[in-house]
Amino acid sequence: MLANSLRSHSNTYLCFDAIIIGSGIGGLVTATQLAAKGAKVLVLESYTIPGGSSGYFEREGYRFDVGASMIFGFGTQGTTNLLTKALEAVNVKLETISDPVQIHYHLPKGIDLKVHKNYEKFLQKLGDIFPHERQGIRQFYDECWKVFNCLNSMELLSLEEPQYLARVFFQHPLACLGLVKYLPQNVGDIARRYIKDPELLQFIDIECYCWSVVPADLTPMINAGMVFSDRHYGGINYPKGGVGQIAQKLVAGLEKAGGEIQYKARVSQILLDGDRAVGVELASGKTYYAKRVISNATRWDTFEKLLPVSKMPRAERKWQQRYQKSPSFLSLHLGVQADVLPIGTECHHIVLEDWQNMTDSEGTLFVSIPTLLDPDLAPAGYNIVHAFTPSWVDDWQTLSSREYEQRKEAAAGRVIERLEKIFPGLDAGLDYMEVGTPRTHRRFLNRDDGTYGPIPQRRLRGLLGMPFNRTAIPGLYCVGDSTFPGQGLNAVAFSGFACAHRVAVDLGL
Ligand SMILES: NC(=O)c1ccc[n+]([C@@H]2O[C@H](COP(=O)([O-])OP(=O)(O)OC[C@H]3O[C@@H](n4cnc5c(N)ncnc54)[C@H](O)[C@@H]3O)[C@@H](O)[C@H]2O)c1
Ligand SMILES: CC(C)=CCC/C(C)=C/C=C/C(C)=C/C=C/C(C)=C/C=C/C=C(C)/C=C/C=C(C)/C=C/C=C(\C)CCC=C(C)C
């Protein structure tokens with residue numbers, strides 16, 4: 001029946017080369033890459049604007065980023081500046097503002113450290129706090145550069161495409177062998193090779209945790225090589241107009257290249273013909289067919305909600321045994337009087353009072369103040385402070401709406417109390433506040449339990465367990481942060497390049 005319907009649709013305008021479920025940056029990079037290669041592409045997004053966790057919302061003159069504002073991938077040189085490259089591929093441009101400091105850490109025992117874009121300055125300052133470890137510090141971070149230099153020397157495409165692998169190996173044999181060496185490794189083992197001071201090792205843990213949401217022992221070395229080096233190379237660059245601009249520009253490029261996007265188009269199921277994915281059905285009942293279906297939803301959403309659980313491939317079950325959902329976040333989007341922040345305040349802060357609490361719910365506090373880079377995001381005389389801290393959906397379930405509001409208020413109070421320690425007077429200078437919980441993330445981002453992404457259940461072999469874009473269901477691909485190499489905008493941009501490359505080869509483009 002479905003096969004007939006597919007055949008009858010295959011010659012109509014409803015049959016696309018590729019349908020992409022979701023317009024997160026992973027989905028949009030895939031879509032723009034495919035459209036640039038001449039594919040007929042349709043993106044279906046359930047929300048009213050593109051971007052997913054890189055979206056934005058506007059309230060009372062403030063434009064808030066939904067997610068974090070610390071953006072990698074906007075460098076101007078090398079091969080790892082994947083957001084720059086994704087925009088260029090569809091002839092769109094985005095102005096960015098360089099951030100001279102990646103993070104200002106406020107850590108236990110008064111450790112106060114800024115990660116300067118300048119590598120030597122960063123090593124100097126960290127060495128000033130741990131003078132007995134100066135050599136180990138340099139050896140560890142230099143090893144991260146080795147990973148980065150391998151990646152940054154080659155074109156980055158699908159590792160599932162043998163011809164590409166043969167080509168890069170032929171062009172860059174040493175870099176490929178370098179990456180093969182690091183792929184199964186985690187940061188903790190390499191850090192301990194050079195560093196002995198337990199407190200410095202805890203610092204390496206939070207260096208990893210603040211983007212991978214796991215300590216060094218569970219963080220893949222390849223990803224650390226990217227993050228710990230690119231912050232000093234391409235740097236951290238904020239998009240003028242807010243993080244939401246990245247998706248807006250990619251959509252403009254997609255449409256210029258002939259692709260299509262629909263909003264308020266929630267996919268309710270992936271249609272199968274036998275075992276093959278052939279299209280999607282929307283919550284509205286409308287169906288679309290395509291030669292290939294690409295899901296930018298998380299793997300949990302894709303295989304547990306968009307497909308019958310009885311069809312879950314064995315490979316997915318195994319993946320779920322290796323990886324679990326990371327916590328979501330409790331987020332405070334604040335508008336505050338500008339004079340609350342001392343002159344010279346940095347854009348991104350990490351606050352932790354006790355090392356023992358680093359991975360706990362409400363343990364580490366993340367703070368972004370994007371208006372210090374782009375003041376136009378707030379009314380004159382005000383700043384945006386986005387403070388967020390890990391939180392599990394379970395703590396927010398089965399509450400009456402009154403209990404939910406009370407719990408939100410209490411949690412917001414605890415976060416503001418902590419913010420007061422670094423920005424005294426913030427409470428009194430508050431002009432606007434909106435509190436999001438894991439339930440908010442689940443609802444607006446369509447992410448199961450509002451999760452930030454997959455994290456290893458136990459120590460795994462680096463990135464070896466992360467699946468690429470093809471799935472065990474023919475015709476179905478995944479893209480985004482539940483595919484190799486995981487969370488992060490530049491990481492999902494890589495996943496998008498790789499997915500589009502593999503799909504284009506499969507389509508014979
Ligand atoms: N570095 C930073 O500061 C920063 C900022 C924001 C986001 N990020 C990263 O971005 C990554 C997420 O990107 P991503 O590409 O994986 O995706 P995403 O989760 O951001 O977006 C997925 C999109 O798919 C849509 N969607 C899901 N299910 C759907 C369905 N059934 N029908 C229609 N639409 C559906 C959602 O509405 C959402 O727009 C995260 O890893 C996060 O770390 C990083
Ligand atoms: C041939 C042969 C033999 C071989 C071959 C081999 C090879 C070639 C290999 C390759 C590999 C590759 C390509 C890889 C790749 C990778 C990548 C790209 C990676 C990337 C990564 C990235 C990342 C991880 C990023 C991340 C970031 C993030 C997550 C961020 C976040 C942030 C946040 C959350 C913020 C917060 C903070 C504050 C606020 C303070």
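Residues numbered from 1 in each chain as written. Chains lettered and ligands numbered in written order. Predicted model: local features only at pLDDT ≥ 70, side-chain atom pairs only at ≥ 80, totals over all residues. Heavy atoms only, no water.

The subject of this paragraph is the nonpolar core. Considering soluble globular proteins, one finds that nonpolar side chains tend to be buried as a cluster. Counting residues in each nonpolar core, the largest one holds 122 residues, and the members touching the most others are Phe140, Tyr141, Phe203 and Ile246. Here this core gets 10 residues from one element, more than from any other, and that element is helix H16 (residues 489–507). Residue contacts for Phe140: discarding those within four places in its chain leaves Val187, Ile190, Ala191, Tyr194, Ile195, Ile204 and Phe228. In this structure, Leu332, Leu334, Leu419 and Leu426 belong to the second largest nonpolar core, which totals 24 residues. (Core = buried A, V, L, I, M, F, W, Y, C linked by side-chain atoms within 4.5 Å. Buried < 20%, exposed > 50% of the residue type's maximum accessible area, 1.4 Å probe, protein only. Helix = DSSP H or I, 4+ residues; strand = E, 2+ residues; numbered from the N terminus. Contact = heavy atoms within 4.5 Å.)

Taken together, the side chains of Phe169, Leu174 and Leu177 make up a nonpolar region of the molecular surface, amounting to roughly 340 Å² of accessible area. With respect to the element layout, Leu174 can be found in helix H7 (residues 173–182). Overall, the relative accessible area of 72% leaves Leu174 in the exposed class. (Patch = residues over 30% accessible without salt bridge, like charges linked within 9 Å, V, L, I, M, F, W, Y side chains within 5 Å. Areas by Shrake-Rupley, 256 points an atom, 1.4 Å probe, with all protein chains shown as cover. Salt bridge = Lys/Arg side-chain N within 4 Å of Asp/Glu carboxyl O.)

Time to look at the sheet that holds strand E14 (residues 328–337). Hydrogen bonds along the backbone pair up the strands of a sheet, which may run parallel or antiparallel. Spatially, E7-E6-E15-E16-E17-E14-E18 is the arrangement adopted by the seven strands of the open sheet, whose pairing is mixed. Each of the sheet's edge strands pairs with one partner strand only, and the pair in question is strand E7 (111–116) and strand E18 (430–436). Averaged over all neighbouring strand pairs, the angle between strand axes comes to 15 degrees, with direction disregarded. In this sheet, strand E15 (residues 348–351) lies alongside strand E6 (residues 101–107) in parallel orientation, the contact comprising three bridges. When the bridges of E15 are listed, His104 appears paired with His349. The strands that helix H15 (residues 438–445) touches are E14, strand E17 (382–391) and E18; relative to E14, the one it contacts most, it runs at about 95 degrees. (Pairing = 2+ DSSP bridges. Axes fitted to C-alpha atoms, helices over the stretch in contact; angles between N-to-C directions.)

Let us now look at the site of ligand 1. Residues in contact with ligand 1 amount to 33 residues; listed here are only the nearest, Gly26, Glu45, Ser53, Met70 and Arg447. Note that an oxygen atom of ligand 1 is positioned 3.3 Å from one of the side-chain N or O atoms of Asn446. Separating an oxygen atom of ligand 1 from a side-chain N or O atom of Arg447 is a distance of 2.6 Å. Taken by itself ligand 1 offers 870 Å² of open surface, and the protein chains cover 94% of this. Elements with a minimum of two residues in the shell around ligand 1: helix H2 (25–36) and H16. Each residue belonging to the shell around ligand 1 can be placed in one class, and the counts come to 14 nonpolar, 15 polar and four charged. When residues of the shell around ligand 1 are assigned to domains, at least three fall in each of domain 1 (2–54 + 65–94 + 240–324 + 457–507) and domain 3 (327–448). (Near = heavy atom within 4 Å. Polar contact = N/O pair within 3.5 Å; in protein donor to acceptor, adjacent residues only side chain to side chain. Nonpolar A, V, L, I, M, F, W, Y, C, P; charged D, E, K, R; others polar. Domains from an automatic or database assignment.)

On the secondary structure map, Gly480 appears in the loop between strand E20 (476–478) and H16. Classification of Gly480 by relative accessible area gives buried; the value is 1%. Through-space distance from the C-alpha of Gly480 to that of Ala500 is 12 Å; in sequence the pair is 20 residues apart. Leave out the neighbours within four places in its chain, and Gly480 touches Gly26, Asn296, Val492 and Ser495.

This part takes up the site of ligand 2. As a matter of local geometry, ligand 2 sits amid 30 residues, with Trp211, His349, Ser368, Tyr452 and Gly488 nearest to it. In isolation ligand 2 offers 1,000 Å² of accessible surface; the protein chains occlude 93% of this area. Contributing elements (two or more residues each) for the shell around ligand 2: helix H6 (162–171), H7, helix H9 (198–212), helix H10 (221–233), E15, strand E16 (365–368) and H16. If you tally residues by element for the shell around ligand 2, the top one is H10, at four residues. Its residues placed into classes, the shell around ligand 2 shows 24 nonpolar, six polar and no charged.

Next up on the list: the domain arrangement of the chain. Domain annotation for the chain reports domain 1 (2–54 + 65–94 + 240–324 + 457–507), domain 2 (118–235) and domain 3 (327–448). The distance between the C-alpha centroids of domain 1 and domain 3 comes to 29 Å. With 20 residues of domain 1 at the interface, the matching set in domain 3 holds 14 residues. Applying the counting rule to domain 1 against domain 3 returns four salt bridges. Note that Lys240 is salt-bridged to Asp376, the shortest N-O span being 2.9 Å.

This part covers the environment of Lys114. Along the polypeptide, Lys114 turns up in strand E7. Sequence separation between Lys114 and Val393 is 279 residues, and the spatial gap between their C-alpha atoms is 32 Å. Setting aside its immediate chain neighbours within four residues, Lys114 contacts Val101, Ile103, His104, Phe122, Gly344 and Glu346. One polar contact links Lys114 to Glu346, side chain to side chain, over a distance of 3.2 Å.

With that settled, consider the UniProt feature "domain: Amine oxidase" (unreviewed entry) in the chain. Using the residue numbers shown here, the UniProt feature "domain: Amine oxidase" (unreviewed entry) corresponds to residues 25–503. The span residues 25–503 is 37% helical and 22% strand by assignment, and the distance between its end C-alpha atoms comes to 17 Å. (UniProt positions renumbered as here; feature names shortened; annotations may be inferred.)

Moving on to unusual backbone geometry. Along the chain, Phe484 connects to Pro485 via a cis peptide bond; the corresponding omega equals 0 degrees. By the secondary structure assignment, Pro485 is in the loop between E20 and H16. Not every positive phi belongs to a glycine, and Thr398 is a case in point at roughly 45 degrees.

What follows concerns the packing of aromatic side chains. By the definition in use, this model includes 25 aromatic pairs. Here the aromatic rings of Phe148 and Tyr233 are separated by 5.1 Å at their centres, their planes lie at 65 degrees, and the arrangement is edge-to-face. Here Phe148, found in helix H5 (residues 134–151), pairs with Tyr233, found in helix H10; they are 85 residues apart in sequence, far enough to count as distant. By relative accessible area, which is 24% here, Tyr233 ends up partly exposed. For Arg299, the ring lying beneath its charged end belongs to Trp319, and the centroid distance is 5.5 Å. Cation over ring: Arg439 sits above Tyr404, and NZ or CZ is 4.0 Å from the ring centre. (Phe/Tyr/Trp six-rings, centres within 6.5 Å; stacked < 30°, edge-to-face > 60°. Lys NZ or Arg CZ within 6 Å of the ring centre and 35° of its normal.)

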